[in-house]
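Read off the chains here:
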Amino acid sequence: MMRVAVRLDHERSPVRVTREEMADIRKCVNRCLRSRTIRKAGGSMAGSLRADDSVEVCVALVSDEEIRALNLQYRGIDAETDVLSFWSDLGVEEIERLREFGDALPLGDIVISVDRAVDQAERFGHPFRRELAYLTVHGVLHLLGYDHEGEADRTAMRSAEEAVLSDLGISREP
């Protein structure tokens, strides 16, 4: 079975995140990565993952100010956003070398604006816990190669997001 390590950085979060919410983040990452269906529908990195791999994902919870700076630095967009995903660009040789030594494959980093999560939860009328879980799943799916630029891609990504959240019992209901 795939081994998944989630490194969670919540020290910079402008809002207190509960243990339950942190546990949800870990569960969301695990569910996405362990789902063969989700991995199969993803991009090239998802397709290169094997059931016996060890995988590492880092999740940072930050302020609007910090995510805005990252958005400008990496995407050239001077605005806040809710989530950014930075995937690892490991080549086949590097992946095989890590596997040979039993090291975890660094899938990438997810950065979530907790300020945006609070605002969006209020705007959409669901709990903060659900919004934080949704943004986590959204970020992991981007790491796996999902996108939402075209209508078909958007539909596939939304379907995968809802399936994971439903499997975990995380609903839109307050």
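Scroll up to find the structure this text is about.
Bear in mind that the values here come from a model prediction, so they are computed numbers and not experimental data. (Residues numbered from 1 in each chain as written. Predicted model: local features only at pLDDT ≥ 70, side-chain atom pairs only at ≥ 80, totals over all residues. Heavy atoms only, no water.)

### Concerning the overall build of the protein
The number of helices and strands found in the protein is eight helices and four strands. In sequence order, the protein lays out its α and β elements as β-α-α-α-β-α-β-α-β-α-α-α. The C-alpha atoms of the protein give a radius of gyration of 16 Å, which matches the 16 Å a tight globule of 174 residues would have. Summarising its shape, the C-alpha atoms of the protein cover approximately 45 × 35 × 35 Å along the three principal directions. Every one of the 174 residues in the protein was classed for burial, and the buried ones make up 46%. For the protein, long-range pairs separated by at least 24 residues make up 72% of all intrachain contacts whose partners lie at least 6 apart in sequence. Of the roughly 9,300 Å² of accessible surface on the protein, a fraction of 47% belongs to carbon and sulfur atoms. (Helix = DSSP H or I, 4+ residues; strand = E, 2+ residues; numbered from the N terminus. Rg over C-alpha atoms; globule rule 2.2 N^0.38 Å. Buried < 20%, exposed > 50% of the residue type's maximum accessible area, 1.4 Å probe, protein only. Contact = heavy atoms within 4.5 Å. Areas by Shrake-Rupley, 256 points an atom, 1.4 Å probe, with all protein chains shown as cover.)

### Describing helix α4 (residues 64–75)
Over its twelve residues, α4 runs 15 Å from end to end, which matches the ideal 16 Å to within 8%, given 1.5 Å per residue. Among the residues of α4, those classed as buried are D64, I67, L70 and N71. Looking straight down α4, one finds its buried side chains confined to an arc of 125°; they lie on one side. In this structure, α4 carries E65 and Q73 as exposed residues pointing more than 90 degrees from its buried face. Turning to α4, the residues buried within the fold contact β2 (54–62), β3 (83–87), β4 (105–113) and α6 (114–124). Of the residues trailing α4, G76 is marked for its positive phi of about 70°. (Expected span 1.5 Å × (residues − 1). Arc of directions from axis to C-beta.)

### Examining the pairing of β2
Looking down a regular strand, the side chains alternate between one sheet face and the other. For β2, the buried fraction is high: eight of the nine residues fall into the buried class. For strand β1 (residues 3–9) and β2, the ladder comprises seven bridges, and the chain directions are parallel. Looking at the pairing, D9 lines up with A60 of β2. Alignment of β2 against β4, held across eight bridges, turns out to be parallel. Note that in β4 the partner of L61 across the bridge is I112. (Pairing = 2+ DSSP bridges.)

### A few points about the side chain of N30
Note that N30 resides in helix α1 (residues 19–34). Overall, N30 belongs to the buried group, its relative accessible area being 17%. Within the local environment of N30, its side chain forms a polar contact with the backbone oxygen of R26, the two atoms lying 2.9 Å apart. When neighbours within four sequence positions are excluded, N30 is seen to be in contact with V4 and V6. (Polar contact = N/O pair within 3.5 Å; in protein donor to acceptor, adjacent residues only side chain to side chain.)

### Considerations on the pattern of salt bridges
When charged atoms on two side chains of opposite charge get close, those side chains can pair. Using the criterion set out here, one finds 15 salt bridges in the structure. D52 is the partner of R50 in a salt bridge, and the nearest nitrogen-oxygen pair spans 3.5 Å. With a relative accessible area of 36%, R50 lands in the partly exposed category. Relative accessible area serves as the criterion here: at 46%, D52 is assigned to the partly exposed category. (Salt bridge = Lys/Arg side-chain N within 4 Å of Asp/Glu carboxyl O.)

### Details of the sheet that holds β3
Within the open sheet, the four strands sit side by side as β1-β2-β4-β3. Their pairing is mixed. The open sheet is flanked by β1 and β3, the only strands paired with a single partner. Between one strand axis and the next, the sheet turns by 15° as a mean value, whatever way the strands run. Seen against the sheet, α1 touches β1, β2 and β4 and runs at an angle of roughly 145° to β1. Where α6 meets the sheet, it contacts β2 and β4, and its direction lies at approximately 60° from that of β4. (Axes fitted to C-alpha atoms, helices over the stretch in contact; angles between N-to-C directions.)

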